[in-house]
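# Descriptive structure summary
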Amino acid sequence: MNATMSRYRTMTGHRLFWPAAVLFVMLAANTIYRPGFLSIELKDGHLYGSPIDILRLSAPLILVALGMTLVISTGGIDLSVGSVCAISGAIACMYISKQSDQNSLVVVLTALAMALGVALVLGAWNGVLVAVIGIQPIIATLILMVAGRGLAQLITQGQIITINSEPFRAIGLGHLLTLPLAIFIALAAALLVAAFTRRTALGMIVESVGGNAEASRLAGIRSGRVIFLAYVLSAACAAIAGFMMTANVSSADGNAVGLWVELDAILAVVIGGTSLAGGRFFLSGTIIGALIIQTLTTTVYAMDISPQTSLLFKAVVVIAVCLIQAPAFRARFSRRRRNAPPPATIADKPKEQVPA
Amino acid sequence: MTTGLLTPGRARFRLPRKQIPVLATLALLLVMYGIGVSQYTAFSNVQVIFNVFIDNGFLLVVAIGMTFVILTGGIDLSVGSVVAMTAMVSAWLLQEGLPAALVLVIALLIGPTLGLLMGCAIHFFDIQPFIVTLAGMFFARGMCTFISGSSIPITDGFWTRMSQERIGDPRGNFVSISVLIAFVVVAVAAYTLAYTRLGRNVYAIGGNPQSALLMGLPVGRTRIAVYTISGLCSAIGGILLSFYTLSGAPLIAVGMELDVIAAVVIGGTVLTGGAGYVFGTVLGVLVLGVIQTLITFDGSLNSWWTKIVIGGLLFAFILLQRLIGIRYK
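Residues numbered from 1 in each chain as written. Chains lettered and ligands numbered in written order. Predicted model: local features only at pLDDT ≥ 70, side-chain atom pairs only at ≥ 80, totals over all residues.

## Remarks on the overall build of chain A
Tallying secondary structure elements over chain A gives 15 helices and six strands in all. For chain A, with 356 residues in total, the buried portion stands at 50%. (Helix = DSSP H or I, 4+ residues; strand = E, 2+ residues; numbered from the N terminus. Buried ≥ 20, exposed ≤ 12 C-beta atoms within 10 Å, placed from the backbone.)

Below you can see the structure in the form of structure tokens.
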């Protein structure tokens with residue numbers, strides 16, 4: 001009993017170990033390539049440096065990936081987050097651009113509230129499609145992914161809306177206690193989600209729904225409601241991420257905001273050890289996953305390689321991480337090493353293979 | 001996507017119901033065409049229909065490959081990138097001065113090879129098709145920019161001939177060679193799905209992989225085969241696209257996988273696999289093509305309406321599939 005417990009602990013340690021190791025290796029490689037990589041300097045009361053940049057730029061991705069983690073752990077997937085980012089950014093910018101005093105805090109807050117409200121409606125739409133009507137998540141959210149881009153362009157009338165609002169800009173570029181404000185927003189969201197899921201029974205309920213929605217329903221959990229909430233939360237996270245993305249450039253482009261962020265987010269979630277089949281999730285793993293992806297992107301920029309080519313590296317990382325996590329691959333690998341698969345792998349295997 | 005679950009008490013679908021989505025698509029297509037003809041006089045010109053085929057020939061070919069994958073209950077996100085990579089590689093090799101025939105062979109081999117590798121990863125390591133083909137998508141798109149950051153023009157004689165050759169009647173209506181190639185692919189695919197052992201296996205696996213395995217069908221081989229077929233179709237689609245644009249651009253066909261999936265779904269193929277036809281996919285592609293044509297004819301509507309309408313149609317058809325109770329998870 002004790003032996004299996006400790007083995008289980010090493011297994012869970014393992015899951016975070018690999019992503020963390022990858023992140024560490026990347027940072028180390030960067031430092032070797034560019035010795036000044038890790039240096040941080042204080043200028044005008046703000047900290048500057050590559051690590052700070054990585055943190056700041058990864059904040060939207062962390063937010064989107066947080067929501068995605070919960071959706072994936074219910075056995076679903078949310079492809080519409082990129083479109084939701086674009087729509088919320090577009091609404092906020094559109095409202096602010098129409099006001100005479102763009103720097104007024106009230107205006108900005110109203111804009112944010114409006115955009116967040118619309119995002120919640122969109123999330124509810126996804127939730128209803130999946131939880132009430134029972135459409136496959138990948139296709140239910142595909143609808144909004146396709147139509148949402150169109151809606152975002154409809155809101156901005158195909159234009160790039162530029163605004164000049166200091167409070168809005170602060171969401172993306174502002175500072176708090178020498179660190180970028182965006183990091184704190186992402187961190188606060190992460191802590192909030194973690195507190196709600198890991199300090200209450202909610203997390204376990206979400207995992208049980210992801211493991212088997214029907215069985216959970218029979219056990220007295222309102223599966224439909226849990227799934228619905230996951231999609232609403234995902235949309236809300238995407239909306240805040242959309243604010244950050246638009247605030248970073250002080251403009252809203254219905255076509256470009258949040259493009260491919262859903263793929264990066266899914267990637268971050270998978271790298272973090274959350275199984276795409278649902279049933280278990282690791283928020284800390286997701287955050288490390290998001291940092292890995294942002295570090296990869298920054299590295300590629302720093303090495304003067306075209307940003308698109310970074311997709312090549314991403315492909316390699318995805319396949320490597322998925323292979324490491326695939327039970328079939330592990331079984332093969334360990335069998336080759338010591339003829340019989342270790343008991344821990346067997347105990348772990350059925351859990352992984354439970355489909356959504 | 002979740003091909004591994006046995007759900008007890010799932011109702012067997014009844015035969016006439018199976019055709020309803022395809023018939024609905026056909027009806028929609030006719031209604032849209034009717035609207036077009038009644039609104040714009042030039043719309044009744046036969047060339048309008050031919051143009052839909054000319055503009056969407058490559059989309060049709062790629063959608064055929066996707067139909068195979070979706071019929072087994074999988075998904076292939078890499079198609080758009082593979083199309084771009086094929087066009088890019090052929091443009092690059094032609095620029096390097098390789099003979100056209102050799103370039104064609106190489107370009108047509110890349111897609112299936114990538115598809116084969118992805119199929120193997122999906123089958124042997126039991127990783128979700130979604131994530132494997134996502135990696136394939138990143139890889140192919142990365143290769144595009146790796147080859148060249150900017151667009152490469154094609155000046156090769158064979159390519160320009162294929163691009164400019166017009167096959168038509170004396171009245172001036174014509175189709176391009178690409179359309180004929182697309183029709184050949186459609187015919188071969190329809191025959192394969194309906195009359196060959198591979199086609200039966202594809203439907204059987206999409207219906208229920210466990211049962212297929214217990215029946216002794218080669219599940220693994222078929223699953224790998226459909227991703228290879230999808231890769232091949234994407235490669236052909238890439239060649240057709242390079243005929244159409246006479247260039248290879250690293251950012252061409254971005255987001256095409258969504259159009260392709262939408263076409264397949266609108267064509268009545270059920271995303272959990274096991275039900276659908278090549279003919280439906282042809283109709284699905286035509287619906288997308290006619291929407292674009294309608295929006296072009298109506299000058300006041302903007303291009304983003306295309307996306308909104310496609311999204312709306314996707315919703316309507318998925319709801320229809322759900323309502324008529326075709327097996328859906």
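## Observations regarding the overall build of chain B
A tally of regular secondary structure across chain B gives 14 helices and four strands. A compact globule built from 329 residues should have a C-alpha radius of gyration of about 20 Å, and chain B, at 20 Å, falls within 12% of that. Seen along its three principal axes, the alpha-carbon backbone of chain B occupies a region of about 60 × 50 × 35 Å. The buried share of chain B, taken over its 329 residues, is 52%. In chain B, of all internal contacts separated by at least 6 residues, the share reaching a separation of at least 24 is 80%. (Rg over C-alpha atoms; globule rule 2.2 N^0.38 Å. Contact = placed C-beta atoms within 7 Å.)

## Quick look at the UniProt feature "transmembrane region" (unreviewed entry) in chain B
Residue and element names in this part refer to chain B. The UniProt feature table records "transmembrane region" (unreviewed entry) at residues 20–42, 48–70, 100–125, 132–154, 174–194, 224–245, 278–297 and 303–324. Counted over residues 48–70, helix gives 100% and strand 0%. Its end C-alpha atoms are 30 Å apart. Across residues 278–297 one finds 100% helix and 0% strand; the C-alpha atoms that close the span lie 29 Å apart. (UniProt positions renumbered as here; feature names shortened; annotations may be inferred.)

## Concerning helix α4 (residues 79–95) of chain B
Between its first and last C-alpha, α4(B) extends 24 Å over 17 residues, near the 24 Å set by a 1.5 Å rise per residue. Remark: B:Gly97 follows α4(B) within two positions and exhibits a positive phi of approximately 95°. (Expected span 1.5 Å × (residues − 1).)

## Topic: unusual backbone geometry
Positive phi, close to 55°, is recorded for A:Gln157, a residue that is not glycine. The phi dihedral of B:Asp126 falls on the positive side, at around 60°, and the residue is not glycine. Structurally, the position occupied by B:Asp126 is in the loop between α5 (100–124) and α6 (129–147).

## Looking at the packing of helix α2 (residues 50–73) of chain A against helix α12 (residues 283–302) of chain A
All names here are of chain A. Running from N to C, α2 and α12 cross one another at 135°; their axes reach a closest spacing of 8 Å. In this view, α2 runs oblique relative to α12, as classed from their interaxial angle. Read as a crossing pair, α2 and α12 show a hand that is right-handed. Residues Ser-50, Asp-53, Ile-54, Leu-57, Ser-58, Leu-61, Ile-62, Ala-65, Leu-66 and Thr-69 of α2 touch α12, and the partners they reach there are Leu-283, Thr-286, Ile-287, Gly-289, Ala-290, Leu-291, Ile-293, Gln-294, Thr-295 and Thr-298. (Axes fitted to C-alpha atoms, helices over the stretch in contact; angles between N-to-C directions. Parallel < 35°, antiparallel > 145°, perpendicular 65-115°, else oblique. Left-handed = near helix turned anticlockwise from the far one by under 90°.)

## What about the interface of chain B and chain A?
Every contact between the two is made by 42 residues of chain B and, on the other side, 38 residues of chain A. Where the side of chain B that touches chain A is concerned, the elements lending two or more residues are α6, α12 (256–266) and α14 (304–323) of chain B.

## What to know about the environment of A:Val25
Tracing the chain through its elements places A:Val25 in helix α1 (residues 2–33). When the C-alpha positions of A:Val25 and A:Pro327 are compared, they lie 24 Å apart, and in sequence the two are 302 residues distant.

## Concerning the confidence of the model for chain A
In low-pLDDT regions, the fine details of the predicted coordinates are not to be read closely. The predicted model of chain A has a mean per-residue pLDDT of 81, with 88% of residues at 70 or higher. Here residues 339–356 of chain A is a poorly scored stretch, pLDDT under 50, and it has 30 contacts once near neighbours within four places are set aside; other chains count. (pLDDT = per-residue confidence, 0-100.)

## Quick look at the packing of α5(B) against α6(B)
Residues and elements named next belong to chain B. Running from N to C, α5 and α6 cross one another at 150°; their axes reach a closest spacing of 9 Å. On the basis of their axis angle, the class for α5 and α6 is roughly antiparallel. Once α5 is placed against α6, the crossing between them reads as right-handed. Residues Leu-114, Met-118, Ala-121 and Ile-122 of α5 touch α6, and the partners they reach there are Pro-129, Val-132, Thr-133, Gly-136 and Ala-140. Each residue belonging to the contact of α5 with α6 can be placed in one class, and the counts come to seven nonpolar, two polar and no charged. (Nonpolar A, V, L, I, M, F, W, Y, C, P; charged D, E, K, R; others polar.)

## Some remarks on the nonpolar core
In terms of nonpolar packing, the biggest core is built from 219 residues, with A:Val64, A:Val318 and B:Leu314 touching the most fellow members. The element contributing the most residues to this core is helix α10 (residues 223–249) of chain A, with 18 residues. Sequence-distant contacts of A:Val64, defined by excluding residues within four places in its chain, comprise A:Val81, A:Cys237, A:Ala238, A:Ala241, A:Val261 and A:Ala265. (Core = buried A, V, L, I, M, F, W, Y, C linked by C-beta atoms within 7 Å.)

## Concerning the confidence of the model for chain B
Residues and elements named next belong to chain B. Taken over all residues, the pLDDT of chain B has a mean of 85, while the share at 70 or more is 93%. Below pLDDT 50 for its whole length, residues 1–11 participates in 19 contacts with residues either more than four positions away or in separate chains. Taken together, the chains of this predicted complex give a pTM of 0.81 and an interface ipTM of 0.74.

## Let's talk about α5(B)
Residues and elements named next belong to chain B. Over its 25 residues, α5 runs 36 Å from end to end, which matches the ideal 36 Å to within 8%, given 1.5 Å per residue. Of all the residues in α5, the buried ones are Val-103, Ala-107, Ile-110, Gly-111, Pro-112, Leu-114, Gly-115, Met-118, Gly-119, Ala-121 and Ile-122. As for α5, its buried residues are in contact with α4, α6 and α11 (219–245). Asp-126, located one to two residues past α5, shows a positive phi value of around 60°.

## A few points about the environment of A:Arg217
Residue and element names in this part refer to chain A. Looking at the secondary structure, you find Arg-217 in helix α9 (residues 213–218). According to the C-beta neighbour criterion, Arg-217 is partly exposed, with 15 such atoms within 10 Å. Sequence separation of Arg-217 and Gly-76 is 141 residues, and the distance between their C-alpha atoms is 16 Å.

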